[in-house]
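# Fold and geometry: a report
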There are 2 protein chains.
Amino acid sequence: MPTVFASPSSDKAELETGSAFTPRFDSNGLITAVVTDAGDGMLLMVAHMNAEALALTLDTGIAHYYSRSRKSLWKKGETSGNLQSVVEIRTDCDQDAIWLKVTVAGHAATCHTGRRSCFYRTVAAADGQASLDIVDHEQHFHPDEIYGKN
Amino acid sequence: MPTVFASPSSDKAELETGSAFTPRFDSNGLITAVVTDAGDGMLLMVAHMNAEALALTLDTGIAHYYSRSRKSLWKKGETSGNLQSVVEIRTDCDQDAIWLKVTVAGHAATCHTGRRSCFYRTVAAADGQASLDIVDHEQHFHPDEIYGKN
């Protein structure tokens, strides 16, 4: 039976300590998902899920998202082979974000650039300007070979 | 000189590999911020920043957010004493999310419930229903004593 989510309670205590998972989707019907490596805790990506993606994730154990750019359900890794198996799902105090601990198949790369994590750059500010520094250069696959040339 | 952010490039390669930090705020002027403990990597919270909060965070080294419920700038920990000192900031491939590694002062608690992390509950689904299980009960402060009774 596919998982269906009940509407969130208006009672703060119920949201924070009750036993029902009632995700608070935003006005676009989406919830933020933070994805970390179940092994070492590395932050891999941040994405969004609609109710369909969240239910599929819970029911299949494979992470599904909603692609805001493509406006469609997105089974992460379907093209690249880098599927994410969910080890644990958590939610936060007000149930408007979820945290997935996953193991990544295939190239063990989450970012479409071929890197392990989407967060491969640090941010620094000086003299009123903010700049980036790439701290993870290692690409586990070549995007052109996986996704084709744009 | 306060940090000011340039507009994001429409060039994907520039966004992904360029040296300018040009955060992609959403239609509400917000960017998602993932916050982890700089020590052990534990996910502490997910919040949002507007340009003012992001610039203040970069310029002061203390995490500032935008409270969507209060519709105002939010210096995290100002009431509780649990200020967040930023050790590192990263952004993701398309610059629409940021990751803060922080050390937490005061009670070493991030969640307003007094817990170390807002993600104190696991989610599981069975028979079409999704339920929650509290896995971190430890409260480092009593909310009533910090915030007053509601």
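Residues numbered from 1 in each chain as written. Chains lettered and ligands numbered in written order. Predicted model: local features only at pLDDT ≥ 70, side-chain atom pairs only at ≥ 80, totals over all residues. Heavy atoms only, no water.

Looking at an unreviewed UniProt entry, one finds chain A named Phosphoribosyl-AMP cyclohydrolase, with Pararhizobium antarcticum as its source organism. Listed in UniProt under the heading Subunit (unreviewed entry), the comment for chain A reads: "Homodimer." (UniProt positions renumbered as here; feature names shortened; annotations may be inferred.)

With that settled, the discussion passes to the UniProt feature "binding site: Zn(2+)" (unreviewed entry) in chain A. In the UniProt entry, the feature "binding site: Zn(2+)" (unreviewed entry) is given for Cys93, Cys111 and Cys118 of chain A. With a sequence span of 26 residues, these residues are also far apart in the fold, their greatest C-alpha distance being 28.1 Å. Looking at the element boundaries, Cys93 of chain A is found in the loop between strand E5 (84-91) and strand E6 (97-104). With a relative accessible area of 6%, Cys93 of chain A lands in the buried category. The residues touching Cys93 of chain A, leaving out its near neighbours within four places in the chain, are Leu15 and Glu16 of chain A together with Cys111, His112, Thr113, Cys118, Tyr120 and Arg121 of chain B. In this structure, Cys118 of chain A sits in the loop between E6 and strand E7 (121-126). For Cys118 of chain A, a relative accessible area of 9% gives the class buried. (Helix = DSSP H or I, 4+ residues; strand = E, 2+ residues; numbered from the N terminus. Buried < 20%, exposed > 50% of the residue type's maximum accessible area, 1.4 Å probe, protein only. Contact = heavy atoms within 4.5 Å.)

On to the relation of the copies chain B and chain A. Superposition of chain B onto chain A requires a rotation of 180° combined with a translation of 0.0 Å along the rotation axis, giving an RMSD of 0.0 Å. The transformation just described matches what one would write down for a two-fold rotation axis. Scanning chain B for the C-alpha nearest the rotation axis identifies Gly41 of chain B, at a separation of 3.2 Å. Most of the interface of chain B is mirrored in chain A, where 100% of its interface residues are also at the interface. (Least-squares fit on C-alpha atoms with pLDDT ≥ 70 in both.)

With 51 residues of chain B in contact, the opposing surface of chain A contributes 52 residues. In terms of surface lost to chain A, no three residues of chain B exceed Phe119, Arg121 and Val123 of chain B, which account for 15% of the buried area on that side. One can count two salt bridges joining chain B with chain A. Viewed at the interface, chain A and chain B are joined by 28 residue pairs in polar contact (both at pLDDT 80 or more). Among the elements of the structure, helix H1 (12-17), strand E1 (31-37), strand E2 (43-49), helix H2 (51-60), strand E5 (84-91), strand E6 (97-104), strand E7 (121-126) and strand E8 (129-134) of chain B are those that each provide at least two residues to the side of chain B that touches chain A. Here the side of chain B that touches chain A gets five residues from one element, more than from any other, and that element is E8 of chain B. Taken together, the residues that form the side of chain B that touches chain A break down as 27 nonpolar, 14 polar and 10 charged. Alignment of E7 of chain A against E5 of chain B, held across two bridges, turns out to be antiparallel. Each residue of the ladder has a partner; that of Arg121 of chain A, found in E5 of chain B, is Thr91 of chain B. (Buried area = accessible area lost by both parts, 1.4 Å probe. Salt bridge = Lys/Arg side-chain N within 4 Å of Asp/Glu carboxyl O. Polar contact = N/O pair within 3.5 Å; in protein donor to acceptor, adjacent residues only side chain to side chain. Nonpolar A, V, L, I, M, F, W, Y, C, P; charged D, E, K, R; others polar. Pairing = 2+ DSSP bridges.)

Strand order across the open sheet formed by six strands is E8(A)-E7(A)-E5(B)-E6(B)-E1(B)-E2(B), with mixed pairing between neighbours. Looking at strand neighbours, the two that pair on one side only are strand E8 (129-134) of chain A together with E2 of chain B, the edges of this open sheet. In this sheet, neighbouring strand axes are inclined to one another by 35° on average, regardless of whether the strands run parallel or antiparallel. Bridge analysis of E1 of chain B against E2 of chain B gives six bridges, and the strand direction is antiparallel. Each residue of the ladder has a partner; that of Thr32 of chain B, found in E2 of chain B, is His48 of chain B. (Axes fitted to C-alpha atoms, helices over the stretch in contact; angles between N-to-C directions.)

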